[in-house]
Amino acid sequence: MDTKPSRRIRLTASFRSFMENEASGGIILMAVAALALIIANSPLSEGYFGLLKTYVGGLSILHWINDALMAVFFLLVGLEIKREMISGQLSNWSRRALPGFAAVGGMLVPALIFLAFNEGDTIRGWAIPSATDIAFSLGVLSLLGSRVPLSLKVFLTALAIIDDLGAVIIIALFYSEGLNVPALAGVAAVFGILLAMNYLGMVRLWAYLVLGVILWILVFKSGIHATIAGVLLALTIPMRGEKGQTDSPLLELEHAIQPWVGFLIVPIFGFANAGVSFAGISLSNLADPVPLGVAAGLFFGKQFGVFSFAWVAIKLRLAERPVGASWLQIYSVAILCGIGFTMSLFIGLLAFANSPLLQDETKLGVLLGSLLSAVVGAALLRLSLARPAKT
C-alpha cells in the first residue's frame, strides 16, 4: 500500500459539502435574480416594490431581509471562516498564502478603480466592487463540470472566504453610524459571556443561540450593522465537543443552517435586492460615476488585482501555484472573482442608504460587472480546459 503523501488536495467532508451547496445555491441565485429583474419591469412591479416596503413589527420586509435574515448568512460566513482558520484550507501559512495575497489584490484594485471614477459623496461606495460572491462564482464554476482542477475550486473558495472576512471588517469599520454607547456596552457584555461559555467548555448550542438573539437586538440598536452580530456569535461557537465526544457544535450548526442559507436566505436576498426598475433609466446612466466605477471595479479591477497579486506571490515563492492549473486557468478564475453579487449589493445598500437613485445605479453596476465577469470568465476557463497546464 502506498503511504506517500498524495499531491492531490484532500478536502474535509464539510469543505466538500460546502462547495457543493454553494455551487447549487449559486445556480438558484442566478435564476431568482433574473426573475426579480423581470418582475421589477413588468405589470407586477407595483406589487413587488409595495410588498418590500410593507412594515411588519416596526421594520419593512426589506429591512427584515437585509438586517435579520442576512445576519444568519453572516453567521454562516463566520462559522466557515473560523472552521477554515482552525482546521481547514486556511489553517496554516502555506494554505493561506496564495488566496490571501489574491484576496488583498482583489479588494484593493477594485476600490482604487471605483475611486478613480467618483468624488464627493459617492466615494462612500468604494468597497462595493471589492467583494466576491462565493455562491455565484462557484455556481458558474460548477457549470463546467469535473474538468475544472480541484485545486482551482479550493483556491476560489478560500479566496472568497478571505474576501468575506475583509467585507465584514469593512462593514464594521466604515458603514456603522450614530453609535449608541449603552447598546454597545450591552454588546460587549453579551459577547464576553459567550466567550466565557466557550472558554469554560459549554457546548449546548441552544444557550449560544438564545444569547445570539439578544446580541442581534443589541447590535441592531448600537449603530453597528445588525448582521455583524452573526459574525460575533460565530466566533464564540465551540469547534470541539465535550470530552470523549467527536461532535463539534460549530460543524453541527454550520451543517444545520447551510442549506437554509444557500437555498432560501441568499435567494430571498437576491430576489428582494436585484429587482431594478429600468423606468426612467437609460443606457446613458451606465456612464454615471457610480455604475461605471462599480462595473469597472468588478470586471477589470478584480481580475487584475487577483491575478497580479497571485502571480507576484508565486514568482517570489511566497505561495505555490494550484496543482494541475495553468496560468490561463488561474486568470480565468480571477475574472470569475468579479462576480460580486450578494456582498456587493449589500455594501451598496449600506453606502447609499439615503439615496434610492444611487442604490439603483449600484445595482446596475453590480449586475453589469458580475454578468461580464461570469460570461467572460466561464468562456475563457472552458477554453483553457482544453489546453495542458504549462509551467
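Above this text is the structure in question.
Predicted model, so just to flag it, every value in this text is computed and none were measured. (Residues numbered from 1 in each chain as written. Predicted model: local features only at pLDDT ≥ 70, side-chain atom pairs only at ≥ 80, totals over all residues. Heavy atoms only, no water.)

Caption draft 1: Highlighting the overall build of the protein chain. Each helix and strand in the protein chain was counted, giving 14 helices and two strands. The buried share among the 391 residues of the protein chain stands at 54%. In the protein chain, of all internal contacts separated by at least 6 residues, the share reaching a separation of at least 24 is 83%. Within the structure as shown, the protein chain displays about 17,800 Å² of accessible surface, and the carbon and sulfur contribution to it stands at 68%. (Helix = DSSP H or I, 4+ residues; strand = E, 2+ residues; numbered from the N terminus. Buried < 20%, exposed > 50% of the residue type's maximum accessible area, 1.4 Å probe, protein only. Contact = heavy atoms within 4.5 Å. Areas by Shrake-Rupley, 256 points an atom, 1.4 Å probe, with all protein chains shown as cover.)

Caption draft 2: Summary view of the side chain of asparagine 273. Its place among the elements puts asparagine 273 in helix α10 (residues 249-273). Within the local environment of asparagine 273, its side chain forms a polar contact with the side chain of asparagine 66, the two groups lying 3.0 Å apart. When sequence neighbours within four positions are dropped, the list of residues in contact with asparagine 273 reads Tyr48, Leu62, Asn66, Leu345, Leu349 and Lys363. (Polar contact = N/O pair within 3.5 Å; in protein donor to acceptor, adjacent residues only side chain to side chain.)

Caption draft 3: Region of interest: the packing of aromatic side chains. A complete count under the given rule lists 11 aromatic pairs for this structure. Taken together, the aromatic side chains of Phe73, Phe74, Phe269 and Phe346 make up a single cluster linked through ring pairs. (Phe/Tyr/Trp six-rings, centres within 6.5 Å; stacked < 30°, edge-to-face > 60°.)

Caption draft 4: Here's a closer look at the pattern of salt bridges. The tally for this structure, following the rule as stated, stands at two salt bridges. Arginine 83 serves as the salt-bridge partner of glutamate 254, at 2.5 Å between the closest nitrogen and oxygen. Here arginine 83 lies in helix α3 (residues 61-87) and glutamate 254 lies in helix α10, a separation of 171 residues in the sequence. Neither residue differs from the other here; glutamate 254 and arginine 83 are each classed as buried. Between lysine 302 and aspartate 163 there is a salt bridge whose closest N-O contact spans 2.7 Å. Pair noted here: lysine 302 is in helix α11 (residues 289-315) and aspartate 163 is in helix α6 (residues 150-174), with a separation of 139 residues, a long-range link. The same class applies to lysine 302 as to aspartate 163, namely buried. (Salt bridge = Lys/Arg side-chain N within 4 Å of Asp/Glu carboxyl O.)

Caption draft 5: Molecular detail of a nonpolar patch on the surface. A cluster of nonpolar side chains, contributed by Leu108, Leu112, Leu115 and Ile123, occupies part of the molecular surface with about 330 Å² of accessible area. Assignment of secondary structure puts leucine 112 in helix α4 (residues 93-117). (Patch = residues over 30% accessible without salt bridge, like charges linked within 9 Å, V, L, I, M, F, W, Y side chains within 5 Å.)

Caption draft 6: Region of interest: the environment of glutamine 329. Tracing the sequence through the fold places glutamine 329 in helix α12 (residues 327-336). Taking the C-alpha atoms as reference points, glutamine 329 and arginine 382, separated by 53 residues in sequence, lie 8.8 Å from one another.

Caption draft 7: Representation of the nonpolar core in the model. Of all hydrophobic cores here, the largest spans 112 residues; its most connected members are Phe73, Phe74, Leu215 and Phe341. Looking at this core element by element, the count peaks at 12 residues for α6. (Core = buried A, V, L, I, M, F, W, Y, C linked by side-chain atoms within 4.5 Å.)

Caption draft 8: Focus on unusual backbone geometry. The backbone of arginine 317 shows a phi angle near 60°, a positive value even though the residue is not glycine. The residue arginine 317 is located in the loop between α11 and α12 in this model.

Caption draft 9: Up close: the packing of α6 against helix α13 (residues 341-351). The contact between α6 and α13 brings their axes to 12 Å, and the two run at 5°. In terms of axis orientation, α6 runs roughly parallel to α13. In this structure, α6 uses Asp164, Ala167 and Ile171 to contact α13, whose residues at the interface are Met343, Phe346, Ile347 and Leu350. Here the residues of the contact of α6 with α13 are counted per class, giving six nonpolar, no polar and one charged. (Axes fitted to C-alpha atoms, helices over the stretch in contact; angles between N-to-C directions. Parallel < 35°, antiparallel > 145°, perpendicular 65-115°, else oblique. Nonpolar A, V, L, I, M, F, W, Y, C, P; charged D, E, K, R; others polar.)

Caption draft 10: Broad picture of the packing of α3 against α10. Where α3 meets α10, the closest approach of the two axes is 9 Å, and the angle between their N-to-C directions is 140°. Comparing the axis directions of α3 and α10 gives the class oblique. At the point where α3 passes α10, the crossing takes the left-handed sense. Of the residues contributing to the contact of α3 with α10, the split by class is 19 nonpolar, three polar and four charged. (Left-handed = near helix turned anticlockwise from the far one by under 90°.)

Caption draft 11: Quick peek at the environment of aspartate 133. On the secondary structure map, aspartate 133 appears in the loop between α4 and α5 (134-142). When the C-alpha positions of aspartate 133 and aspartate 164 are compared, they lie 8.5 Å apart, and in sequence the two are 31 residues distant. Not counting chain neighbours up to four residues away, the residues in contact with aspartate 133 comprise Leu29, Ile339, Gly340, Phe341, Thr342 and Met343. A polar contact of 2.4 Å, which involves the side chain of aspartate 133, links it to the side chain of threonine 342.

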